[in-house]
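Structure at a glance
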Amino acid sequence: MIRPDVSRPLALRPTPRAFLPRPRPSRAATVAAAVWVSLAAAICDVAADDWPQWRGPNRDGVWRESGLVDSFQAPKLQRRWTAEIAAGYSGPTVANGRVFVADRLSDPDSIERVHAFDIRSGEKLWSHEYACPYEGVSYTAGPRASVTVDNELAYVIGATGRMHCLDVADGSVVWQRDLRSDFDVDLPTWGITSSPLVEGEFVIVQIGGAGNACVVALDRRTGETAWHALDDDASYSSPIVIDQAGQRVLVVWTGERVVGMDPADGNVFWAEDYKWEKWPIGIASPVHSGDHLLVSEVHKGSLLLKLGRDDVTAQRVWHRSEDDGPALHALMGTPIVIDGQIYGADNTGVLRCLDLSTGEQIWENDTVVPTMRWATVHIVRNGDRVWMFNDRGELIIARLSPQGYHEISRAQLIAPTTQQLRRRDGVTWSHPAYADRHVFARNDEELVCVDLASPR
(Lines give C-alpha, C1' and ligand atoms only; values in the text may rest on other atoms or scores of the structure.)
Protein backbone atom coordinates (compact mmCIF):
# COMPACT_ATOMS: atom_id res chain seq x y z
CA MET A 1 0.00 0.00 0.00
CA ILE A 2 0.99 3.65 -0.40
CA ARG A 3 1.94 4.82 3.07
CA PRO A 4 2.10 8.39 4.42
CA ASP A 5 5.52 9.84 5.12
CA VAL A 6 5.93 10.37 8.85
CA SER A 7 9.66 11.10 8.83
CA ARG A 8 10.91 13.44 11.55
CA PRO A 9 13.22 16.46 11.18
CA LEU A 10 16.84 16.08 12.20
CA ALA A 11 17.42 16.72 15.89
CA LEU A 12 19.47 19.85 16.72
CA ARG A 13 22.12 19.99 19.42
CA PRO A 14 20.37 21.48 22.50
CA THR A 15 21.46 24.92 23.72
CA PRO A 16 22.50 24.96 27.40
CA ARG A 17 19.53 25.88 29.62
CA ALA A 18 21.50 28.70 31.34
CA PHE A 19 21.41 30.72 28.14
CA LEU A 20 17.76 30.15 27.23
CA PRO A 21 14.59 31.33 28.91
CA ARG A 22 11.93 28.69 29.53
CA PRO A 23 8.67 30.19 28.29
CA ARG A 24 5.42 28.47 29.27
CA PRO A 25 3.84 26.92 26.18
CA SER A 26 0.58 28.49 25.09
CA ARG A 27 -2.67 26.51 25.32
CA ALA A 28 -2.85 26.51 21.52
CA ALA A 29 0.64 25.09 21.23
CA THR A 30 -0.17 22.39 23.79
CA VAL A 31 -3.34 21.41 21.95
CA ALA A 32 -1.50 21.40 18.60
CA ALA A 33 1.22 19.17 20.03
CA ALA A 34 -1.34 16.74 21.40
CA VAL A 35 -3.14 16.63 18.06
CA TRP A 36 0.14 15.98 16.24
CA VAL A 37 1.07 13.12 18.60
CA SER A 38 -2.38 11.55 18.15
CA LEU A 39 -2.19 11.94 14.38
CA ALA A 40 1.29 10.46 14.21
CA ALA A 41 0.17 7.52 16.34
CA ALA A 42 -2.85 6.98 14.13
CA ILE A 43 -0.72 7.09 10.99
CA CYS A 44 1.73 4.58 12.43
CA ASP A 45 -1.15 2.37 13.53
CA VAL A 46 -2.72 2.19 10.09
CA ALA A 47 0.55 1.61 8.28
CA ALA A 48 0.28 -1.92 6.97
CA ASP A 49 2.33 -4.55 5.22
CA ASP A 50 1.91 -5.71 1.64
CA TRP A 51 2.09 -9.28 0.36
CA PRO A 52 3.72 -8.54 -3.00
CA GLN A 53 4.85 -12.02 -4.02
CA TRP A 54 4.64 -15.75 -3.35
CA ARG A 55 4.58 -16.44 0.43
CA GLY A 56 4.92 -12.80 1.45
CA PRO A 57 7.41 -9.92 1.35
CA ASN A 58 10.44 -12.15 2.01
CA ARG A 59 9.08 -15.42 0.54
CA ASP A 60 9.37 -16.95 4.01
CA GLY A 61 5.72 -17.46 4.97
CA VAL A 62 5.90 -14.90 7.78
CA TRP A 63 3.13 -12.35 8.35
CA ARG A 64 4.64 -9.52 10.40
CA GLU A 65 1.58 -7.35 11.11
CA SER A 66 0.12 -6.98 14.59
CA GLY A 67 -3.28 -5.88 15.88
CA LEU A 68 -5.10 -8.98 14.62
CA VAL A 69 -8.13 -10.80 16.02
CA ASP A 70 -7.52 -13.33 18.76
CA SER A 71 -10.28 -15.65 17.57
CA PHE A 72 -13.24 -15.80 15.18
CA GLN A 73 -16.69 -14.83 16.40
CA ALA A 74 -18.74 -16.93 13.97
CA PRO A 75 -18.35 -20.20 12.05
CA LYS A 76 -18.31 -18.26 8.76
CA LEU A 77 -16.18 -15.16 8.24
CA GLN A 78 -17.90 -11.97 7.16
CA ARG A 79 -16.48 -10.60 3.92
CA ARG A 80 -15.45 -7.06 3.32
CA TRP A 81 -15.86 -7.59 -0.42
CA THR A 82 -16.12 -10.26 -3.09
CA ALA A 83 -15.00 -10.07 -6.73
CA GLU A 84 -15.91 -12.44 -9.53
CA ILE A 85 -13.02 -14.26 -11.22
CA ALA A 86 -12.52 -17.43 -13.25
CA ALA A 87 -10.56 -20.58 -12.41
CA GLY A 88 -6.87 -20.89 -11.61
CA TYR A 89 -4.30 -21.97 -9.04
CA SER A 90 -2.53 -18.60 -8.79
CA GLY A 91 -2.63 -17.28 -5.23
CA PRO A 92 -3.43 -13.55 -4.80
CA THR A 93 -0.77 -10.96 -4.01
CA VAL A 94 -1.17 -7.44 -2.60
CA ALA A 95 0.82 -4.25 -3.26
CA ASN A 96 0.36 -0.56 -4.00
CA GLY A 97 -3.27 -0.58 -2.86
CA ARG A 98 -4.14 -3.36 -5.29
CA VAL A 99 -4.87 -7.07 -5.15
CA PHE A 100 -3.51 -9.10 -8.08
CA VAL A 101 -4.62 -12.51 -9.29
CA ALA A 102 -4.43 -14.55 -12.51
CA ASP A 103 -7.12 -16.82 -13.98
CA ARG A 104 -8.20 -18.54 -17.20
CA LEU A 105 -11.23 -18.57 -19.45
CA SER A 106 -11.46 -21.96 -21.15
CA ASP A 107 -14.59 -21.52 -23.31
CA PRO A 108 -14.79 -20.91 -26.18
CA ASP A 109 -11.07 -20.02 -26.35
CA SER A 110 -8.22 -20.55 -23.91
CA ILE A 111 -7.39 -17.13 -22.48
CA GLU A 112 -5.18 -16.35 -19.47
CA ARG A 113 -5.94 -13.13 -17.60
CA VAL A 114 -4.32 -10.93 -14.97
CA HIS A 115 -6.51 -8.70 -12.78
CA ALA A 116 -5.94 -5.86 -10.34
CA PHE A 117 -8.63 -4.99 -7.77
CA ASP A 118 -8.86 -2.07 -5.36
CA ILE A 119 -7.78 -3.28 -1.92
CA ARG A 120 -10.52 -1.34 -0.10
CA SER A 121 -13.57 -1.82 -2.30
CA GLY A 122 -12.81 -4.84 -4.48
CA GLU A 123 -13.53 -2.78 -7.59
CA LYS A 124 -11.73 -4.13 -10.64
CA LEU A 125 -9.16 -1.55 -11.73
CA TRP A 126 -7.90 -3.32 -14.84
CA SER A 127 -7.48 -6.67 -16.58
CA HIS A 128 -5.00 -7.90 -19.13
CA GLU A 129 -5.73 -10.99 -21.20
CA TYR A 130 -4.02 -13.00 -23.92
CA ALA A 131 -4.64 -16.18 -25.88
CA CYS A 132 -2.90 -19.18 -24.32
CA PRO A 133 -3.72 -22.70 -25.56
CA TYR A 134 -3.01 -25.29 -22.85
CA GLU A 135 -1.30 -27.81 -25.09
CA GLY A 136 0.68 -30.32 -23.06
CA VAL A 137 -0.61 -29.11 -19.67
CA SER A 138 -2.38 -31.47 -17.29
CA TYR A 139 -4.89 -29.96 -14.84
CA THR A 140 -6.11 -27.05 -16.93
CA ALA A 141 -7.92 -24.86 -14.40
CA GLY A 142 -5.58 -21.93 -15.01
CA PRO A 143 -2.29 -20.18 -14.23
CA ARG A 144 -0.21 -21.51 -11.36
CA ALA A 145 2.28 -18.78 -10.45
CA SER A 146 1.42 -15.81 -8.25
CA VAL A 147 1.87 -12.30 -9.64
CA THR A 148 5.08 -10.69 -8.35
CA VAL A 149 4.97 -6.92 -7.78
CA ASP A 150 8.11 -4.81 -7.56
CA ASN A 151 7.41 -1.09 -7.17
CA GLU A 152 5.61 0.03 -10.35
CA LEU A 153 5.91 -3.27 -12.23
CA ALA A 154 4.00 -6.55 -11.98
CA TYR A 155 5.39 -9.82 -13.35
CA VAL A 156 3.30 -12.86 -14.23
CA ILE A 157 4.11 -16.14 -15.96
CA GLY A 158 1.40 -18.41 -17.30
CA ALA A 159 1.17 -22.19 -17.29
CA THR A 160 2.79 -22.49 -20.74
CA GLY A 161 5.52 -19.89 -20.24
CA ARG A 162 3.87 -16.73 -21.55
CA MET A 163 5.44 -14.03 -19.40
CA HIS A 164 4.32 -10.41 -19.05
CA CYS A 165 5.62 -7.35 -17.28
CA LEU A 166 2.69 -5.01 -16.65
CA ASP A 167 2.38 -1.47 -15.39
CA VAL A 168 0.82 -1.64 -11.92
CA ALA A 169 -1.20 1.55 -12.49
CA ASP A 170 -3.15 0.55 -15.57
CA GLY A 171 -2.13 -2.97 -16.63
CA SER A 172 -0.45 -1.82 -19.83
CA VAL A 173 2.24 -4.14 -21.20
CA VAL A 174 5.82 -3.01 -20.53
CA TRP A 175 7.28 -6.14 -22.16
CA GLN A 176 6.32 -9.73 -22.89
CA ARG A 177 8.09 -13.00 -23.75
CA ASP A 178 7.03 -16.44 -24.90
CA LEU A 179 9.60 -18.35 -22.85
CA ARG A 180 8.40 -21.75 -24.02
CA SER A 181 9.30 -20.82 -27.58
CA ASP A 182 12.37 -18.72 -26.77
CA PHE A 183 14.04 -21.45 -24.70
CA ASP A 184 12.53 -24.60 -26.22
CA VAL A 185 10.89 -25.55 -22.93
CA ASP A 186 9.80 -29.15 -22.43
CA LEU A 187 6.79 -28.37 -20.26
CA PRO A 188 6.51 -30.26 -16.97
CA THR A 189 3.35 -32.33 -16.67
CA TRP A 190 1.47 -29.63 -14.77
CA GLY A 191 2.95 -26.66 -16.60
CA ILE A 192 5.17 -23.85 -15.36
CA THR A 193 4.37 -22.96 -11.76
CA SER A 194 7.42 -21.13 -10.41
CA SER A 195 6.51 -17.59 -9.34
CA PRO A 196 8.84 -14.87 -10.70
CA LEU A 197 11.51 -13.66 -8.30
CA VAL A 198 12.90 -10.12 -8.49
CA GLU A 199 16.52 -9.78 -7.37
CA GLY A 200 18.35 -6.54 -8.12
CA GLU A 201 17.77 -5.64 -11.76
CA PHE A 202 16.68 -9.14 -12.74
CA VAL A 203 13.48 -11.15 -12.64
CA ILE A 204 14.27 -14.86 -12.32
CA VAL A 205 12.11 -17.86 -13.25
CA GLN A 206 12.51 -21.65 -13.31
CA ILE A 207 11.20 -22.93 -16.65
CA GLY A 208 13.21 -26.03 -17.65
CA GLY A 209 14.45 -24.69 -20.99
CA ALA A 210 16.87 -26.53 -23.28
CA GLY A 211 20.55 -25.62 -23.58
CA ASN A 212 21.27 -24.80 -19.93
CA ALA A 213 18.11 -22.78 -19.42
CA CYS A 214 16.37 -24.46 -16.52
CA VAL A 215 16.73 -21.12 -14.73
CA VAL A 216 16.49 -17.84 -16.65
CA ALA A 217 17.18 -14.27 -15.52
CA LEU A 218 15.64 -11.40 -17.48
CA ASP A 219 16.23 -7.68 -17.22
CA ARG A 220 13.30 -6.59 -15.11
CA ARG A 221 12.67 -3.41 -17.11
CA THR A 222 13.18 -4.67 -20.67
CA GLY A 223 12.72 -8.46 -20.56
CA GLU A 224 16.09 -8.99 -22.28
CA THR A 225 17.85 -12.22 -21.32
CA ALA A 226 20.59 -11.51 -18.75
CA TRP A 227 21.72 -15.09 -18.16
CA HIS A 228 20.49 -18.67 -18.18
CA ALA A 229 21.86 -21.71 -16.37
CA LEU A 230 21.49 -25.39 -15.43
CA ASP A 231 20.76 -28.28 -17.74
CA ASP A 232 18.16 -29.71 -15.33
CA ASP A 233 14.53 -30.62 -15.66
CA ALA A 234 12.28 -28.10 -13.98
CA SER A 235 10.36 -28.75 -10.79
CA TYR A 236 7.28 -26.81 -9.64
CA SER A 237 9.10 -25.03 -6.80
CA SER A 238 9.54 -21.25 -6.63
CA PRO A 239 13.13 -20.12 -5.88
CA ILE A 240 14.23 -17.98 -2.96
CA VAL A 241 17.24 -15.73 -2.28
CA ILE A 242 19.20 -15.93 0.98
CA ASP A 243 22.26 -14.28 2.51
CA GLN A 244 25.12 -16.71 3.07
CA ALA A 245 28.72 -15.91 4.02
CA GLY A 246 28.29 -12.30 2.91
CA GLN A 247 26.91 -13.32 -0.47
CA ARG A 248 23.42 -13.22 -1.96
CA VAL A 249 22.58 -16.78 -2.97
CA LEU A 250 19.76 -17.84 -5.27
CA VAL A 251 18.37 -21.19 -4.08
CA VAL A 252 16.62 -23.21 -6.77
CA TRP A 253 15.13 -26.65 -6.28
CA THR A 254 15.06 -28.17 -9.74
CA GLY A 255 13.76 -31.56 -10.84
CA GLU A 256 17.16 -33.06 -10.06
CA ARG A 257 18.93 -31.18 -7.26
CA VAL A 258 19.00 -28.27 -4.82
CA VAL A 259 21.33 -25.58 -6.15
CA GLY A 260 22.88 -22.43 -4.67
CA MET A 261 23.66 -19.91 -7.42
CA ASP A 262 25.00 -16.40 -7.86
CA PRO A 263 21.91 -14.35 -8.81
CA ALA A 264 24.15 -11.89 -10.65
CA ASP A 265 25.35 -14.34 -13.31
CA GLY A 266 23.93 -17.82 -12.66
CA ASN A 267 27.22 -19.39 -11.60
CA VAL A 268 26.80 -22.37 -9.25
CA PHE A 269 28.19 -22.10 -5.71
CA TRP A 270 27.00 -25.51 -4.49
CA ALA A 271 24.60 -28.29 -5.45
CA GLU A 272 23.09 -31.31 -3.73
CA ASP A 273 21.55 -34.10 -5.81
CA TYR A 274 17.92 -34.86 -4.94
CA LYS A 275 16.53 -36.61 -7.99
CA TRP A 276 13.17 -38.37 -7.91
CA GLU A 277 12.80 -42.03 -8.72
CA LYS A 278 9.47 -41.12 -10.31
CA TRP A 279 8.48 -37.91 -12.04
CA PRO A 280 9.51 -34.58 -10.42
CA ILE A 281 6.74 -33.27 -8.17
CA GLY A 282 8.53 -30.82 -5.85
CA ILE A 283 6.12 -27.94 -5.27
CA ALA A 284 6.98 -26.46 -1.88
CA SER A 285 9.64 -23.75 -1.80
CA PRO A 286 12.98 -24.32 -0.05
CA VAL A 287 12.83 -23.26 3.61
CA HIS A 288 15.73 -21.22 5.01
CA SER A 289 16.25 -21.15 8.78
CA GLY A 290 19.53 -19.88 10.21
CA ASP A 291 22.31 -22.12 8.89
CA HIS A 292 19.90 -24.68 7.49
CA LEU A 293 17.96 -25.25 4.30
CA LEU A 294 15.05 -27.69 4.07
CA VAL A 295 13.19 -29.17 1.10
CA SER A 296 10.32 -31.66 1.29
CA GLU A 297 8.59 -33.65 -1.46
CA VAL A 298 5.95 -36.34 -1.92
CA HIS A 299 8.12 -39.21 -3.15
CA LYS A 300 11.46 -38.64 -1.41
CA GLY A 301 10.47 -37.04 1.88
CA SER A 302 12.56 -34.30 3.50
CA LEU A 303 16.19 -33.24 3.10
CA LEU A 304 18.13 -30.89 5.39
CA LEU A 305 21.31 -29.07 4.34
CA LYS A 306 23.81 -27.22 6.54
CA LEU A 307 25.00 -23.94 5.01
CA GLY A 308 28.57 -22.77 5.45
CA ARG A 309 29.00 -19.62 7.54
CA ASP A 310 32.41 -18.57 6.25
CA ASP A 311 32.11 -19.83 2.69
CA VAL A 312 29.26 -20.45 0.29
CA THR A 313 28.94 -24.21 0.66
CA ALA A 314 26.24 -26.70 1.63
CA GLN A 315 26.46 -30.13 3.22
CA ARG A 316 23.78 -32.78 3.68
CA VAL A 317 22.75 -33.24 7.32
CA TRP A 318 19.99 -35.81 6.95
CA HIS A 319 17.42 -37.24 4.59
CA ARG A 320 14.31 -38.88 5.97
CA SER A 321 11.51 -40.65 4.15
CA GLU A 322 8.78 -43.14 5.05
CA ASP A 323 11.38 -45.91 4.73
CA ASP A 324 12.93 -44.52 7.92
CA GLY A 325 9.66 -44.33 9.85
CA PRO A 326 7.19 -41.43 10.18
CA ALA A 327 8.38 -38.61 7.90
CA LEU A 328 7.20 -35.41 6.23
CA HIS A 329 6.40 -35.82 2.53
CA ALA A 330 5.08 -32.32 1.73
CA LEU A 331 2.95 -31.66 -1.33
CA MET A 332 1.80 -28.07 -2.02
CA GLY A 333 2.15 -26.54 1.42
CA THR A 334 5.64 -25.26 2.27
CA PRO A 335 6.76 -26.30 5.80
CA ILE A 336 7.90 -23.78 8.39
CA VAL A 337 10.61 -23.92 11.04
CA ILE A 338 10.04 -22.54 14.56
CA ASP A 339 12.58 -22.77 17.39
CA GLY A 340 14.30 -25.91 16.12
CA GLN A 341 11.21 -27.79 14.99
CA ILE A 342 9.80 -28.37 11.50
CA TYR A 343 6.03 -28.16 11.02
CA GLY A 344 4.30 -29.16 7.81
CA ALA A 345 1.45 -31.14 6.30
CA ASP A 346 2.19 -34.23 4.24
CA ASN A 347 0.52 -35.33 1.02
CA THR A 348 -2.51 -36.68 2.90
CA GLY A 349 -2.99 -33.61 5.11
CA VAL A 350 -1.46 -35.04 8.29
CA LEU A 351 0.31 -32.27 10.22
CA ARG A 352 3.74 -33.38 11.42
CA CYS A 353 6.33 -31.95 13.79
CA LEU A 354 9.94 -33.03 13.21
CA ASP A 355 13.12 -32.33 15.12
CA LEU A 356 15.22 -30.05 12.93
CA SER A 357 18.53 -31.56 14.01
CA THR A 358 17.60 -35.21 13.32
CA GLY A 359 14.48 -35.27 11.15
CA GLU A 360 12.76 -37.60 13.61
CA GLN A 361 9.04 -37.09 14.14
CA ILE A 362 7.93 -35.61 17.47
CA TRP A 363 4.17 -35.78 16.88
CA GLU A 364 1.47 -35.90 14.22
CA ASN A 365 -2.09 -34.58 14.05
CA ASP A 366 -4.88 -35.40 11.59
CA THR A 367 -7.49 -32.77 12.58
CA VAL A 368 -6.35 -29.76 10.53
CA VAL A 369 -7.94 -31.02 7.30
CA PRO A 370 -9.81 -34.24 6.42
CA THR A 371 -7.06 -36.68 5.51
CA MET A 372 -7.04 -37.99 1.97
CA ARG A 373 -4.73 -38.00 -1.03
CA TRP A 374 -3.52 -34.50 -1.92
CA ALA A 375 -5.08 -32.84 1.12
CA THR A 376 -3.48 -29.42 1.50
CA VAL A 377 -2.63 -26.98 4.30
CA HIS A 378 -0.85 -23.64 3.82
CA ILE A 379 0.86 -22.38 7.01
CA VAL A 380 1.90 -18.79 7.74
CA ARG A 381 3.63 -17.68 10.93
CA ASN A 382 2.50 -14.54 12.78
CA GLY A 383 4.18 -13.84 16.11
CA ASP A 384 3.62 -16.80 18.44
CA ARG A 385 0.69 -18.09 16.38
CA VAL A 386 0.20 -19.59 12.95
CA TRP A 387 -2.58 -19.03 10.43
CA MET A 388 -3.50 -22.14 8.47
CA PHE A 389 -5.65 -22.34 5.33
CA ASN A 390 -6.82 -25.81 4.36
CA ASP A 391 -8.28 -27.17 1.13
CA ARG A 392 -11.78 -27.09 2.63
CA GLY A 393 -11.55 -23.28 2.55
CA GLU A 394 -11.21 -23.00 6.34
CA LEU A 395 -8.98 -20.45 8.07
CA ILE A 396 -7.47 -21.64 11.35
CA ILE A 397 -5.61 -19.81 14.13
CA ALA A 398 -3.34 -22.14 16.10
CA ARG A 399 -0.17 -22.51 18.10
CA LEU A 400 2.49 -25.08 17.29
CA SER A 401 5.06 -26.39 19.76
CA PRO A 402 6.92 -29.63 20.52
CA GLN A 403 4.05 -30.39 22.92
CA GLY A 404 1.53 -30.51 20.08
CA TYR A 405 -1.02 -28.72 17.93
CA HIS A 406 -3.24 -26.26 19.81
CA GLU A 407 -6.17 -24.96 17.78
CA ILE A 408 -7.47 -21.57 18.89
CA SER A 409 -10.19 -20.85 16.35
CA ARG A 410 -11.52 -22.00 12.98
CA ALA A 411 -13.99 -20.50 10.49
CA GLN A 412 -15.07 -20.90 6.87
CA LEU A 413 -13.35 -18.37 4.61
CA ILE A 414 -14.33 -19.51 1.12
CA ALA A 415 -16.08 -22.52 -0.44
CA PRO A 416 -14.24 -25.31 -2.29
CA THR A 417 -14.84 -25.41 -6.06
CA THR A 418 -14.23 -28.13 -8.61
CA GLN A 419 -12.19 -26.67 -11.47
CA GLN A 420 -8.86 -27.12 -9.69
CA LEU A 421 -9.65 -30.77 -8.93
CA ARG A 422 -12.68 -32.53 -10.39
CA ARG A 423 -12.27 -35.85 -8.57
CA ARG A 424 -13.57 -34.59 -5.21
CA ASP A 425 -16.26 -32.22 -4.05
CA GLY A 426 -13.91 -29.32 -4.70
CA VAL A 427 -10.73 -27.87 -3.20
CA THR A 428 -9.12 -24.54 -2.38
CA TRP A 429 -5.50 -25.18 -3.28
CA SER A 430 -4.34 -21.58 -3.85
CA HIS A 431 -2.21 -19.90 -1.18
CA PRO A 432 -3.98 -16.87 0.39
CA ALA A 433 -2.40 -13.44 0.87
CA TYR A 434 -2.21 -11.65 4.23
CA ALA A 435 -1.90 -7.87 4.03
CA ASP A 436 -3.29 -4.69 5.55
CA ARG A 437 -4.64 -6.84 8.43
CA HIS A 438 -6.85 -8.67 5.94
CA VAL A 439 -6.80 -12.07 4.28
CA PHE A 440 -7.37 -12.45 0.53
CA ALA A 441 -8.30 -15.87 -0.86
CA ARG A 442 -9.58 -17.24 -4.15
CA ASN A 443 -11.31 -20.29 -5.56
CA ASP A 444 -12.44 -20.99 -9.13
CA GLU A 445 -15.24 -18.43 -9.00
CA GLU A 446 -14.40 -15.56 -6.67
CA LEU A 447 -11.76 -13.56 -4.85
CA VAL A 448 -12.69 -12.62 -1.29
CA CYS A 449 -11.39 -10.14 1.27
CA VAL A 450 -11.94 -10.51 5.04
CA ASP A 451 -10.93 -8.01 7.71
CA LEU A 452 -8.82 -9.64 10.45
CA ALA A 453 -8.00 -6.50 12.44
CA SER A 454 -8.66 -6.64 16.14
CA PRO A 455 -11.67 -4.48 17.12
CA ARG A 456 -10.69 -1.37 19.06
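In this numbering scheme, every chain counts its residues from 1 along its sequence in written order. Residues qualify for local features only when their pLDDT is at least 70, as the model is predicted, and side-chain atom pairs are given and counted only at 80 or more; totals for whole chains, interfaces and linings, by contrast, use all residues. Hydrogens and water are ignored here; the side-chain numbers use all heavy atoms of the structure.

Observations concerning the overall build of the protein
Only DSSP runs of H or I covering at least 4 residues are called helices, and only runs of E covering at least 2 are called strands; the numbering of each starts at the N terminus. Helix and strand counts for the protein stand at two helices and 32 strands. Only the protein chains shown count as covering a residue, and every accessible area follows the Shrake-Rupley method with a 1.4 Å probe. On the protein, roughly 20000 Å² of surface is accessible, and the fraction owed to carbon and sulfur atoms is 48%.

What about the sheet that holds strand E4 (residues 111-118)?
With respect to topology, four strands assemble into an open sheet ordered E2-E3-E4-E5, the strand pairing being antiparallel. The open sheet has two edge strands, strand E2 (93-95) and strand E5 (124-131), and neither has a second partner. On average, adjacent strands in this sheet sit at an angle of 25° to one another, irrespective of strand direction. The pairing of E2 with strand E3 (residues 98-105) spans three bridges and is antiparallel. Across the sheet, Thr93 pairs through a bridge with Phe100, a residue of E3. In short, DSSP must find at least two bridges between two strands for them to pair. Whenever a helix is involved, its axis is fitted only over the stretch in contact; in every case the axis is a line through C-alpha atoms, and angles between N-to-C directions fall within 0 to 180 degrees.

Brief notes about the packing of aromatic side chains
Geometrically, a pair of aromatic rings is defined through the distance of the ring centres and the angle of the planes. Geometry of aromatic contacts follows a simple scheme: Phe, Tyr and Trp rings, the Trp one being its six-membered ring, pair when their centres are within 6.5 Å, and the pair is stacked under 30 degrees between planes, edge-to-face over 60, tilted otherwise. All chains considered together, the criterion is met by twelve aromatic pairs. With a centroid separation of 5.4 Å and an interplanar angle of 65°, the aromatic rings of Trp63 and Trp387 are classed as edge-to-face. Note that Trp63 is positioned in the loop between helix H1 (27-46) and strand E1 (81-84) and Trp387 in strand E27 (residues 385-390), a separation of 324 residues in sequence. Taking the relative accessible area as the measure of exposure, Trp387 reaches 0% and is therefore buried. Considering the side-chain rings of Phe72 and Trp387, the 6.1 Å spacing of their centres and the 65° angle between planes classify their relative orientation as edge-to-face. Here the residue Phe72 occupies a position in the loop between H1 and E1, and Trp387 occupies one in strand E27, the gap between them amounting to 315 residues. Of the two residues examined, Phe72 and Trp387, each falls in the buried class. Our definition puts a charge over a ring when NZ of Lys or CZ of Arg is within 6 Å of the ring centre and also within 35 degrees of the ring normal. The positively charged end of Arg104 is found above the aromatic ring belonging to Tyr134, 3.9 Å away from the centroid. Sitting over the face of the ring of Tyr274, Lys300 holds its NZ or CZ atom 4.9 Å from the ring centroid. Three labels apply to residues, based on accessible area from a 1.4 Å probe with only protein chains included: buried if under 20% of the type maximum, exposed if over 50%, partly exposed otherwise in between.

Quick look at unusual backbone geometry
The bulk of non-glycine residues show a negative phi, and the bulk of peptide bonds are trans. Between Asp107 and Pro108 the backbone carries a cis peptide bond, its omega angle lying at -5°. Examined against the element boundaries, Pro108 turns out to sit in the loop between E3 and E4. The backbone of Asp339 shows a phi angle near 50°, a positive value even though the residue is not glycine. Among the secondary structure elements, Asp339 is positioned in the loop between strand E22 (336-338) and strand E23 (341-345). For Asp436, which is not glycine, the phi torsion reads 55° and is therefore positive. Looking at where Asp436 falls in the secondary structure, it is placed in the loop between strand E30 (433-435) and strand E31 (438-442).

Concerning the nonpolar core
Take the buried residues of types Ala, Val, Leu, Ile, Met, Phe, Trp, Tyr and Cys, join any two whose side-chain atoms come within 4.5 Å, and each joined set is a nonpolar core. Counting residues in each nonpolar core, the largest one holds 33 residues, and the members touching the most others are Phe72, Trp387, Leu395, Leu413, Tyr434 and Phe440. Secondary structure elements with two or more residues in this core: E1, E3, E27, strand E28 (394-401), E30, E31 and strand E32 (446-451). The element contributing the most residues to this core is E32, with four residues. When near neighbours in sequence (up to four residues on either side) are disregarded, Leu413 contacts Leu77, Arg79, Phe389, Gly393, Glu394, Leu395, Val439, Ala441, Val448 and Val450. Contact criterion: two residues are considered in contact whenever any of their non-hydrogen atoms come within 4.5 Å of each other.

Looking at the sheet that holds strand E17 (residues 268-273)
Strand order in the open sheet formed by four strands is E14-E15-E16-E17, with antiparallel pairing between adjacent strands. Looking at strand neighbours, the two that pair on one side only are strand E14 (240-244) and E17, the edges of this open sheet. The mean angle between the axes of side-by-side strands here comes to 25°, regardless of whether they run parallel or antiparallel. In terms of strand pairing, strand E16 (residues 257-261) meets E17 through five bridges, oriented antiparallel. Its bridge partner lying in E17, Met261 is registered against Val268.

Observations concerning the pairing of E4
Along any regular strand the residues' side chains alternate between the sheet's two faces. Among the eight residues in E4, seven count as buried, and that is most of the element. When E3 meets E4, the two strands line up antiparallel, connected through eight bridges. Directly across from Phe100, in E4, lies its bridge partner Ala116. Where E3 folds back onto E4 in an antiparallel hairpin, the turn is made up of five residues.

Things to note about the side chain of Gln53
You can see Gln53 is positioned in the loop between H1 and E1. Polar contacts involving the side chain of Gln53 include one to the main-chain carbonyl oxygen of Pro57, which spans 2.9 Å. Beyond its immediate chain neighbours, meaning those up to four positions away, Gln53 contacts Asn58, Arg59, Thr93, Val147, Thr148 and Leu197. Two N or O atoms form a polar contact when they lie within 3.5 Å of each other; inside protein one atom must be a possible hydrogen donor and the other a possible acceptor, and for residues adjacent in sequence the pair counts only when both atoms belong to side chains.

Function cannot be read off these values alone, since they describe shape.
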